[in-house]
Amino acid sequence: MDLHTLVITAQQDTDAGSSMAEICRRFTGLVKKHAYQPHLKGLHEDAMGEGWLAVVQAVRSFQPAAGVPVAGYIESRVKFAVWNLFKRERRRWEREMSLNGGGDDDEGGALPLLNLLAADADVPAAVEAKLNAVKVRQALSGLPEKTAAGFDPDIADGSTFERCGR
């Protein structure tokens, strides 16, 4: 069966499973060719997935009346799907590098964003200290006035008992 007939059969859902399998078998080399390019090292599996998705979408959206050859249409869809994946990943990588500064501080550029953030902040510990301070204040408010007067107010602010006792 020729490729044009297979695509029409796959679009009409008459025996679409075997028609789509045959189309995929015929375009395996093309998908691998585009997915295993050197600039996609580390993205081969994602590129293969994008390529196969492009094959299926091309079969579904192919219009015989347009006069475009089926093989060329599928090839262009695969090529551009893999290229778009590369561009997305490159933009993501560039954003991550700009956050980290790219490793070159000698260029005189702006400081990387991650260097501007507070490095010593322990957010979970700060939240826990605030919650503990609220609990201590509630406990002190329930004590008789004379007993509560004996406690240092720093206890409620998260200071240790040892520091407050000095």
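Please read all numbers here as calculations on a predicted model, not as lab measurements. Per chain, residues are indexed from 1 in the order of the written sequence. pLDDT decides what is reported in this predicted model: residues at 70 or higher carry local features, side-chain atom pairs at 80 or more are listed and counted, and totals for whole chains, interfaces and linings draw on all residues regardless. Working from all heavy atoms in the structure, the side-chain values ignore hydrogens and water.

Enquirer: Would you take a moment to explain the overall build of the chain for this structure?
Expert: Secondary structure is summarised from DSSP: a helix means a run of H or I of at least four residues, a strand means a run of E of at least two, and numbering begins at the N terminus for each. Across its full length, the chain holds 9 helices and 0 strands. The order of α-helices and β-strands along the chain, N terminus first, is α-α-α-α-α-α-α-α-α. Only protein chains enter the area calculation, which uses a 1.4 Å probe; residues under 20% of their type maximum are buried, those over 50% are exposed, and those in between are partly exposed. Sorting the 166 residues of the chain into buried and exposed places 24% on the buried side. Contact between two residues is taken to exist if any of their heavy atoms lie within 4.5 Å; hydrogens are not considered. For the chain, the share of sequence-separated contacts (at least 6 apart) that also reach a separation of at least 24 residues comes to 50%. Element-wise, carbon and sulfur atoms account for 56% of the exposed surface of the chain, whose accessible area totals about 11700 Å². Residue-level accessible areas treat just the shown protein chains as cover; the underlying method is Shrake-Rupley with a 1.4 Å probe.

Enquirer: So what exactly am I meant to see when it comes to the nonpolar core here?
Expert: A general tendency of soluble globular proteins is for nonpolar side chains to be buried together. Counting 27 residues, the largest nonpolar core has Ile-23, Phe-27, Val-55, Val-59, Ile-74 and Val-78 as the members making the most contacts within it. Looking at this core, the element that brings in the most residues is helix α5 (residues 70-100), giving 7 residues. The nonpolar core is taken to be a set of buried Ala, Val, Leu, Ile, Met, Phe, Trp, Tyr and Cys residues, with the residues joined through side-chain atoms within 4.5 Å.

Enquirer: Before we go on, may I ask you to explain the packing of helix α3 (residues 28-35) against helix α4 (residues 44-61) in this structure?
Expert: What describes two packed helices is the angle between their axes and the distance between those same axes. To obtain an axis, a line is fitted to C-alpha atoms, over the contacting stretch when the element is a helix, and the angle between two such axes runs from 0 to 180 degrees between their N-to-C directions. Where α3 meets α4, the axes come as close as 9 Å, and the angle between the chain directions of the two elements is 140°. Judged on the interaxial angle alone, α4 and α3 are oblique. α4 is crossed by α3, and the crossing has right-handed handedness. For the pair α3 and α4, contact is made by Thr-28, Val-31, Lys-32 and Ala-35 and by His-44, Ala-47, Met-48, Gly-51, Trp-52 and Val-55, respectively. Taken together, the residues of the contact of α3 with α4 sort by class into 6 nonpolar, 3 polar and 1 charged. Orientation is classified from the angle alone, with under 35 degrees giving roughly parallel, over 145 giving roughly antiparallel, 65 to 115 giving roughly perpendicular, and any other angle giving oblique. By the definition used in this description, the sense in which the near helix is turned from the far one sets the handedness, with an anticlockwise turn below a right angle giving left-handed and a clockwise turn giving right-handed. Following the grouping adopted for this structure description, the nonpolar residues are Ala, Val, Leu, Ile, Met, Phe, Trp, Tyr, Cys and Pro, the charged ones are Asp, Glu, Lys and Arg, and the polar ones are all others, Gly among them.

Enquirer: Would you mind showing me how to read the packing of helix α1 (residues 3-11) against α4 here?
Expert: For the pair α1 and α4, interaxial distance at closest approach is 8 Å and the crossing angle is 85°. It follows from the interaxial angle that α1 and α4 lie roughly perpendicular. Listed contacts from α4 to Val-7, Ala-10 and Gln-11 of α1 are Val-59, Arg-60 and Ser-61. Within the contact of α1 with α4, the residues separate by chemical class into 3 nonpolar, 2 polar and 1 charged.

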